[in-house]
Each structure stands twice: as structure tokens, then as C-alpha cells.
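# Architecture at a glance
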Amino acid sequence: MSELFDAVDALVSSRSTLPPPAERKRLRQAHGLTLDEVAAALQVRRATVSGWEAGRTEPRPPERDAYARLLKQLAQLYPAGAPVSCEDTAVPGTPVLAAAPVPTGAEPAKARPEPADQAPGPVSEDTALVSAVVPDPVAETRPAPRRPPARKAAPVASDGGGGDARFENGPLAVVDVDADGQVLAYCVGGLVLDVPAKSIAALVEWTLSQGRLGQPKLSGPGKDGDPLLVLTRAALEYYGLPVTLAPQERLAGRIPEGHKVIKQLTRASWQLTKRGFGPWARIYRPAQGPERACVQLCIPSWDALDTRHWADTGQLPPADLARLLGTYAARVMTPRGSTAVTGLELMTALHPPTRASEPDERGKRHSEHNPGSLGRDPVQCAPCEAPDGHPLLADLPRFHHRTPAEVLVEEAYDWARPLTDAECLHRNLVGIDVNMAFAAGANGLTVGLGAPVHVKNPVFDAKLPGSWLVDLSHADLSRVKVAKDTWADLDGSLLPSPFTPKGERPEGPAWYATPTVAYAVELGYDVTPIEAWVRHDNGRYLDGWYQRLRDAYLATMADLGVGADLSPEEFLKAMDGYRQRDPELAIVVSAVKASVKGGIGKLRERPRGEGWKPGQPWRALARPTWRPDIRAAVISRTRINMHRKIVKHAAFTGQYPVAVLSDCAVYASQGPSPLDFLPYRDGKPLPGGFKLGVNPGLVKWEGTQSVLWGEGVREQFHAPELNLARYIKDGTVTDVDRGE
């Protein structure tokens with residue numbers, strides 16, 4: 001009997017006890033912690049911690065033990081029923097200045113006068129906490145916060161400064177001018193600062209010396225994010241800049257070099273990057289030691305915020321604009337330009353090219369290559385990976401058209417077919433869309449880091465990233481392997497080929513990325529490569545990038561009421577009208593998704609004017625992040641992921657898509673909902689098939705149109721294979737389908 005008691009005691013002690021869900025939330029809020037901070041400490045997702053606090057899920061070891069330890073320590077600090085001071089419940093990132101009461105009413109407090117030759121010294125985190133309630137000499141030089149009677153921005157879900165006292169006012173500020181001519185800086189969390197600067201040069205100086213703006217580095221060997229200033233129309237007028245660009249300036253993407261503001265900057269020893277003073281101007285001085293002296297400007301009225309991704313963000317009031325951009329900055333990173341540029345810069349921020357070495361015999365450290373990064377020098381691509389016009393192809397005849405045996409073509413799906421007679425008897429065409437498809441394609445993907453090596457007659461290795469010349473014309477989709485030792489007979493004529501973007505069956509040797517060839521092996525086909533360009537120096541370079549963007553997407557969707565633990569029915573209901581619940585956060589979702597697609601696209605940026613001629617190098621080729629092979633691998637994996645789900649679905653249900661466009665597939669169905677054709681048993685989806693949900697790689701409802709609509713538009717445009725996936729969302733077809 002004692003052995004049984006011992007076993008029971010051991011079983012009880014193996015699970016750390018936790019307080020009730022409501023108490024978990026109370027303890028976190030009492031200490032002023034955000035969900036993001038707790039999730040980061042426990043190395044889980046924000047939605048996971050939210051589920052623990054709501055009682056929907058329970059933590060499992062080893063996270064359970066760490067979570068219990070956190071709650072136990074917080075319970076000692078904040079016993080149930082004990083009063084909590086206002087300092088304990090302050091929103092992170094919003095300074096609590098007890099010594100300087102915030103004025104109320106229409107007349108805000110003016111900024112404190114500051115000596116011209118005095119700049120604030122470094123402040124430790126401990127000192128910053130003390131200065132919240134006790135005046136100190138450093139606090140006297142800080143800009144005075146104030147809150148005007150205008151609508152206050154809702155606080156972002158994560159502390160923009162990451163708890164770093166240097167960036168206590170967040171990563172960015174929207175600079176505006178009120179009716180009285182006072183310049184104001186709207187920061188995240190609703191904080192508003194008086195700005196004494198009378199010129200752009202003085203504004204840059206103020207930002208770096210007193211603004212306390214910026215973002216802590218995202219990786220150990222990385223660099224802190226430069227502060228971002230967003231200039232409204234009123235601020236542009238105040239500082240002598242045009243409110244909009246003239247046609248010639250818009251074409252050049254900058255104001256003239258002789259503009260008076262640029263001359264002011266030059267006289268103050270500030271410099272501009274090669275792109276000049278444009279919608280995303282970077283103003284800097286050469287670094288002196290480890291500290292950077294750089295400020296980035298964002299000018300919405302100069303079209304800095306692309307309306308395709310940011311909608312009407314540039315028209316928002318300053319406080320709302322600060323909240324929206326601050327949320328994106330806290331969850332992704334401070335914008336560095338377009339969403340595409342930011343998506344690409346995020347890769348480098350998470351994997352900096354260099355790091356500090358171990359101390360040498362003299363105790364000094366040196367800059368060295370950071371393992372797992374792309375380094376700081378560009379890598380030459382393989383000839384098959386080079387796009388048309390690349391210097392590697394300079395010797396080709398001018399009008400030479402490269403065949404699949406000469407060029408790697410890994411692009412997203414754009415395939416459609418006519419409906420069968422049986423499908424025409426259905427009532428609806430239902431579109432489903434894969435969430436964050438390209439991010440899911442990057443997750444866990446091994447990509448090349450170094451230069452390619454040419455190999456003749458290689459043995460295919462699915463773990464070796466590269467480009468392979470192989471003949472897959474024998475691949476017949478009428479019989480494929482769907483699991484180990486399990487084959488399925490399918491109607492191959494109703495399926496797109498997984499090996500070509502247009503879904504056509506290959507006709508001979510062609511170049512493919514590793515994921516495509518690996519999928520051919522998975523389907524049960526023999527592959528015999530003729531040659532290959534492989535990269536032995538490789539790694540999962542995009543994992544951190546995927547995780548950062550995934551968490552940003554899930555956290556924002558959760559704020560919009562779409563959680564990760566909903567049933568299929570609950571998910572469809574939550575997705576219905578989710579953008580109207582908070583239109584500004586919905587814009588953040590769009591920007592996050594655009595950062596994924598744009599970042600992948602930037603890996604193979606093409607020449608953009610600048611007098612370029614075929615055969616000549618262009619600016620992007622000098623970047624270590626110009627990597628068409630990585631782009632090809634991600635797109636290949638994304639297309640294969642889609643095809644794998646299509647095959648699983650067809651093998652189980654006998655249903656085939658009528659159109660596939662990138663991450664959207666359209667099926668004929670009797671009912672209007674995805675639940676009318678997606679197989680679910682006891683609430684569980686088909687393993688390996690389509691599953692409804694918010695996570696990357698799962699699907700959502702894209703749109704439903706009638707079969708009569710589909711046949712009608714195809715007949716109207718005399719296009720029996722018009723890609724209906726392109727128009728399934730709202731049914732509007734404006735012209736003949738010519739692709740994206």
C-alpha cells in the first residue's frame with residue numbers, strides 16, 4: 001500500500017499547481033505585464049497565454065512549471081484583496097511622472113526649457129523605474145508629456161520600447177502642429193510630447209537627444225531600430241517642405257538636392273542616403289563608436305504608405321496613426337520603407353550579418369561572420385536562377401527565349417479548367433484561401449546560405465537546398481502515393497501538375513527547386529537529376545522571420561476576435577465582419593500579410609529604371625539579401641503545400657478544384673459554405689487536408705459565387721479556362737483574365 005501512496009504522491013508533485021484562470025490574469029495585470037511579455041519569457045505564443053488566462057487550455061510541462069513559478073512570485077507581491085498602487089498597474093511604455101502632474105483642459109503644459117549644450121546622459125532601467133516617482137536631474141531634460149482633449153489612441157498590445165529606458169516613448173512619433181502653432185509628437189500609448197524644434201535639422205537633434213524614441217534590437221548581435229518620425233501635412237508646411245510632390249519630384253522619388261531643407265541639413269552636418277529626401281528619407285551622421293545617429297522620416301502625403309496595404313492610414317488623425325503604426329512596429333518592427341522593404345529588413349534584423357568575436361589575446365573583440373546569416377557580401381546566383389537581363393546572361397542573343405531546361409521557374413499557381421458536367425449541376429463555387437501561405441511555406445525550410453556548387457549527375461538529396469535539372473514528364477497523377485505504402489487512384493486530368501505554375505504537365509528536363517523534386521519523390525516517382533547547383537552551407541534562415549510575422553498576425557487577429565482555438569463553425573462566425581470591429585487593426589493585418597509577400601518578392605528584386613540595360617548589374621545585386629534561390633524555394637514549398645492538400649482532399653472525397661490562384665482554391669459545392677464540402681468527422685478535419693482556422697497554413701472562406709455566375713463570365717469573355725479564383729471574392733470581373 002505504501003508503494004501506491006508513493007506513486008500517488010509522485011504523480012501529484014509532477015504537476016505544478018496553478019491558481020484559477022481569473023487569478024492568473026489579475027496577477028499579470030497587477031505587475032503591469034503584457035501578454036506578449038509573458039509569452040516571450042515562457043517561449044510560447046501570445047494566444048497560448050491568453051488561453052491559459054481564459055481557462056480554455058492548461059499549460060503542460062515544462063512551460064507549466066515556469067508559469068507556476070512566475071505566478072507564485074507575483075502572488076507574493078500582490079496578495080488577493082490587497083490594494084495595488086497606480087505605479088504597479090501602469091501601462092508599460094507610458095511613463096508615470098508623479099512629480100510633474102499632467103495638466104487638464106484645453107491648455108496643455110509647455111515643454112520645459114532645456115540648455116542648448118546639454119543632452120541627457122545614459123539611464124539604466126533601474127534608474128528609469130525610480131525616476132517614475134522621484135525627480136532626478138535626467139528627468140529635467142525630458143520633453144514634457146501632455147494629453148490634448150482630442151481622441152486618445154488606444155494603447156498598443158506590446159511595449160514599443162521593450163522596457164528599454166532609452167526608448168521609453170516607443171519606436172515612433174507622428175509629428176503634427178496644432179491650431180496654436182505648437183508642434184506635437186504623438187507617441188504610442190496615447191502619449192503626446194511638446195516639440196521645440198523649429199527646423200528639420202533641429203527636429204532630428206531633438207529626436208536623438210531628448211525624444212527617447214527607437215526600438216531595441218531584435219537579435220543579440222543586431223542593431224537598435226532607428227526612431228521613425230511621421231510628418232503630417234501641417235508639419236510639412238511648418239518645416240518648409242512641400243505638402244505633395246510635384247510630378248517631376250514624384251517621378252524621381254525625392255525633392256531636388258537644392259531644396260532649402262536639404263541645405264539646412266547639410267549646414268548642420270547631417271547627410272541623406274543615396275535615395276535622397278523622399279517619402280522614406282533617412283537622415284544620419286556617420287556613427288561615432290557603437291551609437292548610431294540616424295532618424296527615418298515617413299511622409300504619408302508623399303505616398304509613403306501604399307494604399308494597397310495601408311488603405312487610408314495616411315488620412316488618420318495623428319493619435320490614431322501613431323497607434324496603428326506603433327502596433328505594427330511593436331509586433332513586426334519599425335517600418336523601414338514599404339511593407340516589402342520592411343519584410344526584407346526583418347530578415348536581416350533577426351539574422352545580422354556580423355557579430356562580435358571572442359576577445360583576442362589583447363582582450364579586444366572584432367567583427368566576424370554571424371553563423372546562420374547571409375553575411376555582408378553578395379553571393380553570385382547560379383545561371384539557371386538568374387532572371388532575364390542578369391549580367392551572367394550578357395552573352396545570350398538579344399531575343400533569346402530561355403526554355404525550362406535553361407531557367408528555374410518556380411512561381412505560384414495560376415491554373416483553371418472547365419467544369420465537368422457533374423460540377424455544373426452544383427449550385428455554388430466556393431473559394432478557400434490559405435492564411436499566410438508564403439509564411440507557412442518558409443516555416444522550417446532549409447535554404448542555402450552560401451554560394452552554389454555545380455554538380456553533374458548528382459544523387460538527389462531532399463535535405464540539400466539548390467536547383468536541380470531533372471525530367472519529371474513521366475509523373476502521372478492518376479496514381480500517387482498518399483501515405484507510406486498507400487496509393488490512391490485519381491483523375492489526373494482534373495488536377496494541376498505540382499511541377500509547373502500553370503499546372504501543365506512537364507514535357508522534358510527542367511530546373512526545379514529542392515521542395516518540388518522532393519515532392520515528386522513523395523508522390524512515388526523516380527527522379528534522376530542530370531545536373532544541379534547545390535548549397536552545402538545552408539540552414540533554416542527564415543524560421544525566426546516566420547515566427548515573428550506569425551505571432552504578429554495571430555496577436556492582431558486575436559485582438560479582432562478571431563482566436564486560434566475556435567471550432568470551424570466559431571471560426572467562420574468570428575471571421576464574418578472581423579475588419580469592421582476595429583478597422584485600424586484590420587489595416588495592421590493587411591500590412592503584416594503584405595510584409596510576408598513583399599519580403600519574399602524582394603529576394604529577387606528586378607531593376608527599376610535608373611538607366612539600366614540588359615546585361616548590366618543593378619543596385620539590388622549588391623545586397624547579400626538578393627537571393628533568387630531562397631525566393632524560389634519558398635514559392636516552391638508554398639505551391640507544393642497547396643497541391644498536397646488538394647491531393648489528400650481528392651483521394652478522400654473525390655472532389656477536385658476548378659481553379660487555383662496562388663493561395664486560393666475554388667471547388668464546386670451544393671452549399672455556400674466551406675463546411676459544405678470540407679470533410680470533418682466529430683469536429684476533426686482530414687489529416688493533411690484543408691482545415692479551417694486562423695493559423696498560417698490553415699484556410700479561411702474567401703468567397704462564394706453561383707455556378708451560373710462562373711459559366712456566365714467565362715462565356716462573356718470567351719475564356720473557358722478563365723481563372724475564377726481571381727474573382728471569387730466579390731464576383732466582379734472587369735476584363736479578360738491576363739494574370740497578375
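Conventions we followed
- Sequence order as written defines residue numbering, which begins from 1 separately in each chain.
- Selection of residues for local features in this predicted model requires a pLDDT of at least 70, selection of side-chain atom pairs for listing and counting requires 80 or more, and totals for whole chains, interfaces and linings are taken over all residues.
- Side-chain metrics rest on all non-hydrogen atoms present in the structure, leaving aside hydrogens and water.
- The working definition used for a salt bridge is a side-chain nitrogen of Lys or Arg within 4 Å of a carboxyl oxygen of Asp or Glu.
- Partly exposed describes any residue whose relative accessible area lies between the buried limit of under 20% and the exposed limit of over 50%, with all areas from a 1.4 Å probe on protein chains only and scaled to the type maximum.
- Each helix is a run of H or I in the DSSP string that is no shorter than four residues. Each strand is a run of E no shorter than two, and both are numbered from the N terminus.
- Working rule for contacts: check all heavy atoms of both residues, and any pair within 4.5 Å makes them a contact.
- What counts as an axis is a line fitted to C-alpha atoms, over the stretch in contact for a helix, and the angles between N-to-C directions run from 0 to 180 degrees.
- Our angle categories are set so that under 35 degrees counts as roughly parallel, over 145 as roughly antiparallel, 65 to 115 as roughly perpendicular, and the remainder as oblique.
- Left-handed describes a crossing whose near helix is turned anticlockwise from the far helix through less than a right angle; right-handed describes the clockwise counterpart.
- Throughout, the ten residues Ala, Val, Leu, Ile, Met, Phe, Trp, Tyr, Cys and Pro are labelled nonpolar, Asp, Glu, Lys and Arg are labelled charged, and all others, Gly among them, are labelled polar.
- The set of buried Ala, Val, Leu, Ile, Met, Phe, Trp, Tyr and Cys residues whose side-chain atoms join them within 4.5 Å is what this entry labels a nonpolar core.
- We call two strands paired when DSSP finds no fewer than two bridges between them.
- Per residue, pLDDT measures the predictor's confidence, with a range of 0 to 100.
- Note on aromatic pairs: the rings of Phe, Tyr and Trp (six-membered ring only in Trp) are paired at centre separations within 6.5 Å, and the planes decide the class, stacked below 30 degrees, edge-to-face beyond 60, tilted for the rest.

## Concerning the pattern of salt bridges
- All told, the structure shown has 36 salt bridges when counted by the stated rule.
- Here Glu423 makes a salt bridge to Arg417, at a shortest N to O gap of 2.7 Å. Across this residue pair, the class does not change: Glu423 and Arg417 are buried.
- Linked through salt bridges whose partners overlap, the residues forming this network are Glu385, Arg535, Arg627 and Asp629.

## What about helix H7 (residues 200-209)?
- Restricting attention to buried positions, one finds in H7 the residues Ile200, Ala201, Leu203, Val204, Trp206 and Thr207.
- Of the surrounding elements, those touching the buried residues of H7 are strand E3 (183-187), strand E4 (192-195), strand E5 (228-231), helix H10 (260-267), strand E7 (282-288) and strand E8 (291-298).

## Structural notes on the packing of helix H17 (residues 543-559) against helix H20 (residues 583-602)
- Two numbers describe how H17 lies on H20: the axes approach to 9 Å, and their chain directions differ by 160°. Relative to H20, H17 is oriented roughly antiparallel. Helix-helix and strand crossings are classified by hand; for H17 and H20 the assignment is left-handed. Within the contact between the two elements, H17 uses Trp545, Leu549, Ala552, Tyr553, Thr556, Met557 and Asp559 and H20 uses Leu585, Val588, Val589, Val592, Lys593, Ser595, Val596 and Ile600.
- Per-class residue counts for the contact of H17 with H20 are 11 nonpolar, 2 polar and 2 charged.

## Digging into the nonpolar core
- Membership of the largest hydrophobic core comes to 109 residues, with the highest contact counts inside it found for Trp545, Met557 and Val592.
- Ranked by residues supplied to this core, first place goes to helix H21 (residues 628-653) with 9 residues.
- The contacts of Met557, once residues within four sequence positions are left out, are Val562, Met575, Tyr578, Val589 and Val694.
- In this structure, Leu193, Leu213, Phe277 and Leu297 belong to the second largest nonpolar core, which totals 36 residues.

## Section: the sheet that holds strand E12 (residues 428-434)
- With antiparallel pairing, the 5 strands of this open sheet are ordered in space as E11-E21-E22-E12-E25. If you trace the sheet from one side to the other, it starts and ends with strand E11 (414-416) and strand E25 (699-706), each paired once. Neighbouring strand axes in the sheet, compared pairwise and without regard to direction, differ in orientation by 20° on average.
- Direction of pairing for E12 relative to E25: antiparallel, over a ladder of 7 bridges. In the sheet register, Asp433 faces E25, and the bridge partner there is Lys700.
- The sheet contacts of helix H22 (residues 707-716) involve E11, E12 and E25, and relative to E25 the element is tilted by about 70°.

## Concerning the sheet that holds strand E19 (residues 531-534)
- Read from one edge to the other, the open sheet built from 4 strands follows the order E14-E19-E15-E18, with strand pairing classed as antiparallel. Taken across any chain shown, the strands that pair with only one partner, and hence form the sheet edges, are strand E14 (453-456) and strand E18 (509-513). The average undirected angle you get between the axes of adjacent strands in this sheet is 20°.
- In the sheet, strand E15 (residues 466-471) pairs with E18 via 5 bridges, with the strands oriented antiparallel. Opposite Leu469, over in E18, you have Trp511 as the bridge partner.

## Observations concerning helix H16 (residues 514-522)
- All of the buried residues in H16 are Thr514, Pro515, Thr516, Val517, Tyr519 and Ala520.
- For H16, the elements touching its buried residues are E15, E18 and H21.
- Of the residues trailing H16, Gly524 is marked for its positive phi of about 105°.

## Some thoughts on the confidence of the model for the chain
- Per-chain confidence: the chain averages 86 in pLDDT, with 85% of residues scoring 70 or above.
- Residue range residues 147-160 is modelled with pLDDT below 50. Its contacts to residues more than four positions away, or to other chains, number 39 contacts.
- Taken together, the stretch residues 736-740 has pLDDT below 50 and engages in 10 contacts with residues farther than four places along the chain or on a different chain.

## Quick look at the packing of aromatic side chains
- With the rule as written, the count across this model stands at 10 aromatic pairs.
- On the numbers, 5.2 Å between centres and 70° between planes, the contact of Trp310 with Tyr328 is edge-to-face. In this pair, Trp310 sits in helix H11 (residues 307-310) while Tyr328 sits in helix H12 (residues 318-331), placing the two residues 18 residues apart along the sequence. Tyr328 carries the same exposure label as Trp310, and that label is buried.
- Taken together, the ring pairs connect Trp612, Trp618 and Trp626 into an aromatic cluster.

## With respect to the environment of Val589
- Tracing the sequence through the fold places Val589 in helix H20.
- Residue contacts for Val589: discarding those within four places in its chain leaves Tyr553, Thr556, Met557, Leu560 and Tyr578.

## Let's talk about the pairing of strand E22 (residues 664-669)
- Where burial is concerned, most of E22 is hidden: 6 out of the 6 residues are buried.
- On E22, burial covers both faces: Cys664, Val666 and Ala668 on one face and Ala665, Tyr667 and Ser669 on the other are all buried.
- Pairing geometry for E12 and E22, over 6 bridges, is antiparallel. What sits directly across from Asn428, in E22, is Ser669.
- Alignment of strand E21 (residues 659-661) against E22, held across 3 bridges, turns out to be antiparallel. Its bridge partner lying in E22, Val660 is registered against Ala665.
- Taken together, E21 and the strand that follows it, E22, pair antiparallel across an intervening segment of 2 residues, in which Ser662 is found at a positive phi of about 55°.

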